[in-house]
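Structure at a glance
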Amino acid sequence: IEAAVAAFADTSPPASILDLGTGSGCLLCAALTEFPGAWGLGVDRSAGAAGMAATNAAGLGLGGRAMFVAGDWGDALAVGAFDLILANPPYIPDKEIPSLAPEVSRYDPRAALAGGADGLESYRRVMPQARRLVTSRGTVILEVGAGQIGQILDLVSAASMRVCEVRRDLAGIERCIVATPA
């Protein structure tokens, strides 16, 4: 969310926000709080997660500005409708899930963790869709797994996006990519 605020610091704030893989809706709700003039759409494969996100947004007083749907990433959405796209897709290589901390591996839904054999399966789907769904002045912000930055930067470039910034987390790991249409 800090990256989103910084991305729009010197320009008009986003009017429309898309959260791909919304889960609990925390990213979309935080973005809507930071950008009070915006509306947002959260998409998750899990109807249960989308419902929980809607409940969370309503509890925060954001229900009138947020909508949540069950869907397969951005497959059913129109072209170029969002000024800000947020995505924190599953990025853990499948074989590493059993070795995660128990509070993660036992309680987070596997679908929220499993990124395929190399951890990049979701990014291969999300990047072309994000490029299609972002407005010409928009920004796409992705969270990435440790050690994946180079491969995901290649996917961002292949989707005709320009990387504006790579942000590190508090441990110094390259964790967030900020990109705009090329």
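Residues numbered from 1 in each chain as written. Predicted model: local features only at pLDDT ≥ 70, side-chain atom pairs only at ≥ 80, totals over all residues. Heavy atoms only, no water.

**As for the pairing of strand β2 (residues 39–44)**
The element β2 is extensively covered by neighbouring structure, given that five of its six residues are classed as buried. The pairing of strand β1 (residues 16–20) with β2 spans five bridges and is classified as parallel. Across the sheet, residue L18 finds its bridge partner in β2, namely L41. Relative to strand β3 (residues 66–70), β2 is paired through five bridges, and the arrangement is parallel. Looking at β3, one finds that D44 is bridged to A70. Between β2 and its parallel partner β3, the chain crosses via helix α3 (residues 47–59), and the hand of that crossover is right-handed. (Buried < 20%, exposed > 50% of the residue type's maximum accessible area, 1.4 Å probe, protein only. Helix = DSSP H or I, 4+ residues; strand = E, 2+ residues; numbered from the N terminus. Pairing = 2+ DSSP bridges. Right-handed = clockwise from strand over helix to strand, strands pointing away.)

**So, the environment of I1**
Secondary-structure assignment places I1 in the segment before α1 (2–7). On the basis of relative accessibility, which here comes to 31%, the residue I1 falls in the partly exposed class. Along the primary structure I1 and V79 are separated by 78 residues, whereas in three dimensions their C-alpha atoms are 24 Å apart. For I1, the contacting residues outside a window of four places in its chain are L27, A30, A31, E34 and L86. (Contact = heavy atoms within 4.5 Å.)

**Side note on the packing of aromatic side chains**
A complete count under the given rule lists two aromatic pairs for this structure. Judged by centre distance (5.9 Å) and plane angle (75°), the ring pair of F8 and F35 falls under edge-to-face. With F8 in the loop between α1 and β1 and F35 in the loop between α2 (26–34) and β2, this pair connects stretches of sequence that are 27 residues apart. With a relative accessible area of 7%, F35 lands in the buried category. Both rings, one in W39 and one in F82, keep their centres 5.7 Å apart while their planes meet at 55°; by these two values the pair is tilted. (Phe/Tyr/Trp six-rings, centres within 6.5 Å; stacked < 30°, edge-to-face > 60°.)

**With respect to the environment of V79**
Along the chain, V79 turns up in the loop between β3 and β4 (82–87). What makes V79 exposed here is its relative accessible area of 63%. Spatially, the C-alpha atoms of V79 and A130 are 9.3 Å apart, while their sequence positions differ by 51 residues. If near-sequence neighbours (up to four positions away) are discounted, V79 is found in contact with R132 and L133.

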